[in-house]
Amino acid sequence: MAQTGNFKSPARMGTLGGSAEVSSSGAVSGGKPRETGLKGVDFERRGFLHKVVGGVGAIVAASTLYPVVKYIIPPVKEIKMVNEIKAGPASEVPDGSGKIYQFNEDKVIVVNKGGTLTAVSAVCTHLGCLVHWENAANELACPCHGAKYKQTGEIISGPQPKPLKIYKAKIDGDTIVITKA
Ligand code: FES
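Keep in mind that what you see is a predicted model, and the values were worked out from it rather than measured.

## Side note on the nonpolar core
Most often, soluble globular proteins have nonpolar side chains that are buried together. Membership of the largest hydrophobic core comes to 13 residues, with the highest contact counts inside it found for V110, I176 and I178. Sorting the residues of this core by element identifies strand 4 (97–103), strand 5 (106–113), strand 6 (116–121), strand 11 (166–172) and strand 12 (175–180) as the ones contributing at least two each. Apart from residues lying up to four places away in sequence, V110 is in contact with V93, S97, G98, K99, Y101, L117, T118, A119, A169, I176 and I178. One finds W133, L140, C142 and A147 within the second-largest nonpolar core, a separate group that totals 12 residues.

In structure tokens form, the structure reads like this:
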């Protein structure tokens, strides 16, 4: 069956312009020039589309990257500096135990030994590990490299260069209060 609508048909040739010639490859030469925009204004569609696609791409990229950047760079948490804190109820540190509390930018360990409350920095002065109270040995011990401190922060043994920073602790009513020394 003969195929209708052939590209080289005379009817089709007529729509390509009066003098259009078709080469053997099907290319058209001498056809009508591409139409300009409304009333002669050269409507640069390609440039316009590039701007639209670029703008949409930038918005998508920004909305994708923003949460990633916010995740990687967490907000700076400001610590309000104080001279004294109500750390918690006295029952949190029974006789023979120690408990660590946040105090400004430091961590402070409150130790209760026979009813005597002491408070020193819990941050080992060697490389910054947190010490804990060893009641049987009657000392603060660092788990990282074996530093030992007295309840009052002085050095017993180990690689640490300095004693622990001293604070004051007391029971006020039923609350442990830590203050700067
Ligand atoms: S960090 Fe405590 S002994 Fe090294």
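## Here's the deal with unusual backbone geometry
You will see that N104, though not glycine, has its phi angle at about 50°, which is positive. By secondary structure assignment, the location of N104 is in the loop between strand 4 and strand 5. Assessed through its relative accessible area of 9%, N104 is described here as buried. Although it is not a glycine, N138 adopts a positive phi angle of roughly 60°.

## A look at the pairing of strand 6
Of all six residues in strand 6, five are buried, a share of seventy percent or more. Of the strand pairs in this sheet, strand 5 and strand 6 are connected by six bridges, and their pairing is antiparallel. Residue pairing for strand 6: V111 is matched across the bridge by T118. Relative to strand 11, strand 6 runs antiparallel, the two sharing two bridges. Opposite V120, over in strand 11, you have I166 as the bridge partner.

Reading the values: rules and limits
Residues numbered from 1 in each chain as written. Predicted model: local features only at pLDDT ≥ 70, side-chain atom pairs only at ≥ 80, totals over all residues. Heavy atoms only, no water. Core = buried A, V, L, I, M, F, W, Y, C linked by side-chain atoms within 4.5 Å. Buried < 20%, exposed > 50% of the residue type's maximum accessible area, 1.4 Å probe, protein only. Helix = DSSP H or I, 4+ residues; strand = E, 2+ residues; numbered from the N terminus. Contact = heavy atoms within 4.5 Å. Pairing = 2+ DSSP bridges.

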